[in-house]
Amino acid sequence: MFPIRDHNPSNRTPYVTLALIAINVVIFLSYVSVLGDPRASMQVFVTWGLVPAQLSSGGGVANIFTSMFFHGGFMHLAGNMLFLWVFGDNLEDEMGHGTFLGFYLLSGVGAGLAQVISDPTSPIPMVGASGAIAGVLGGYLLLYPKARVDVLFIIVIIFKIIPIPAGIVLSIWFAMQVFSGAATPAGSGGVAYWAHAGGFVAGLVLVLPLWLKLGGTGFWSRTHGHPDHPEARYRQMRTRVPQVQRRR
């Protein structure tokens, strides 16, 4: 199940989302040549990744942030950047560029801490933007649960794209992370499911004040939880009309 696009046009260029994608790609290209060497690649990940045991002992605090920009392989990078592209522009559009950047980084911090709490003595480095992006998914779910998302299903050789409400897609995704995290033994490495779940919850909590400011469930009542509803579009246009001083 791969979300490939949403039916939710944004009103302004998502400069931060584009910059985050570019930074992740550039950093990946800077060390991709060593990924074929297990020892060299592990050195990169230990240096820049988040190591729970290290953070638990008071070290590697900066790695909470640097780990968000390193990935274990091309598919890891591509999948994360796809999710960021599909869902990030709308939150940036709603929050504004600077606020969205802070939200993204804080979601990544929440994701990293969740993973550390789940296995504080693990020596395995964690890398990837998926925790921060999970926060984007959580925020998107709260604001636009009925936005249509085109999801690609691959069943053996059958490819099918089905538009599904974001609330269903993202709720299933979150449930899969929690279930997989509970089923995965601590210290086994692989996918950091609790980072995904933690980032998602962090995103929900961080977007909650904005959602309440917009009217909470009243915002859903007016827009039906759908970003293409006429009132949602009208409200966004009004808030972005430049204010000018009138001459008397």
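Rules used in this analysis
Residues numbered from 1 in each chain as written. Predicted model: local features only at pLDDT ≥ 70, side-chain atom pairs only at ≥ 80, totals over all residues. Heavy atoms only, no water. Helix = DSSP H or I, 4+ residues; strand = E, 2+ residues; numbered from the N terminus. Expected span 1.5 Å × (residues − 1). Buried < 20%, exposed > 50% of the residue type's maximum accessible area, 1.4 Å probe, protein only. Contact = heavy atoms within 4.5 Å. Axes fitted to C-alpha atoms, helices over the stretch in contact; angles between N-to-C directions. Parallel < 35°, antiparallel > 145°, perpendicular 65-115°, else oblique. Left-handed = near helix turned anticlockwise from the far one by under 90°. Bend = angle between axes of the 7 residues up to and from the residue. Salt bridge = Lys/Arg side-chain N within 4 Å of Asp/Glu carboxyl O. Patch = residues over 30% accessible without salt bridge, like charges linked within 9 Å, V, L, I, M, F, W, Y side chains within 5 Å. Areas by Shrake-Rupley, 256 points an atom, 1.4 Å probe, with all protein chains shown as cover. Phe/Tyr/Trp six-rings, centres within 6.5 Å; stacked < 30°, edge-to-face > 60°.

Section: helix 8 (residues 166-183)
Move 1: With 18 residues, helix 8 ought to run about 26 Å at 1.5 Å a step, and its terminal C-alpha atoms sit 26 Å apart, in line with that.
Move 2: Within helix 8, the full set of buried residues consists of A166, G167, V169, L170, W173, Q177, S180 and G181.
Move 3: If you follow the buried residues of helix 8, they end up packed against strand 1 (2-6), helix 5 (74-95), helix 7 (130-143), strand 2 (148-155), strand 3 (158-165) and helix 9 (193-213).

Side note on the packing of helix 7 against helix 9
Move 1: Their axes nearest at 6 Å, the elements helix 7 and helix 9 cross at an angle of 45°. Relative to helix 9, helix 7 is oriented oblique. Like other packed secondary-structure pairs, helix 7 and helix 9 cross with a definite hand, here right-handed. Contact residues: helix 7 offers S130, G131, A134, G135, L137, G138, G139, L141, L142 and L143, while helix 9 offers A195, H196, G199, F200, G203, L204, V207, L208, L210 and W211.

Re helix 9
Move 1: The end-to-end C-alpha distance of helix 9 is 31 Å, a good match for the 30 Å that 21 residues give at a rise of 1.5 Å each.
Move 2: Of all bends in helix 9, the biggest is about 40°, found at V207, and the proline P209 comes one to four residues later.
Move 3: Those residues of helix 9 that fall on the buried side of the exposure criterion are A195, H196, A197, G198, G199, F200, A202, G203, V207, L210 and W211.
Move 4: Once helix 9 finishes, G215 follows within two positions and takes phi at roughly 120°, a positive value.

Observations regarding the pattern of salt bridges
Move 1: One pass over the structure, following the stated rule, counts 2 salt bridges.
Move 2: Its salt-bridge partner being D150, residue R5 comes within 2.7 Å of it at the nearest N-O pair. Of this pair, R5 sits in strand 1 while D150 is found in strand 2, placing the two residues 145 residues apart along the sequence.
Move 3: Looking at R5, the relative accessible area reads 43%, which means it is partly exposed.
Move 4: Residue D150 is classed as buried on the basis of its relative accessible area of 5%.
Move 5: The salt bridge partner of R12 is D93, with a shortest N-O separation of 3.3 Å. With R12 in the loop between strand 1 and helix 1 (15-31) and D93 in helix 5, this residue pair connects regions lying 81 residues apart in the sequence.
Move 6: For D93, a relative accessible area of 4% translates into the label buried.

What to know about a nonpolar patch on the surface
Move 1: Taken together, the side chains of F2, I154 and F159 define a hydrophobic patch exposed on the protein surface, amounting to about 320 Å² of accessible area.
Move 2: Here F2 lies in strand 1.

Focus: the packing of aromatic side chains
What characterises a pair of aromatic rings is the spacing of the ring centres plus the angle enclosed by the ring planes.
Move 1: If you walk through the whole model with that rule in mind, you get 11 aromatic pairs.
Move 2: A centroid spacing of 4.9 Å and a plane angle of 80° characterise the contact between F87 and Y140, whose relative ring orientation is edge-to-face. Highlighted residues: F87 in helix 5 and Y140 in helix 7, separated in sequence by 53 residues.
Move 3: Among the residues examined, F87 registers a relative accessible area of 0% and is labelled buried.
Move 4: Residue classification places Y140 among the buried positions, given a relative accessible area of 0%.
Move 5: When the centroid spacing of 6.5 Å and the interplanar angle of 45° are considered together, the rings of F100 and Y104 count as tilted. One end of the pair, F100, and the other, Y104, are both in helix 6 (residues 97-118), 4 residues apart, so they sit about a helical turn from each other.

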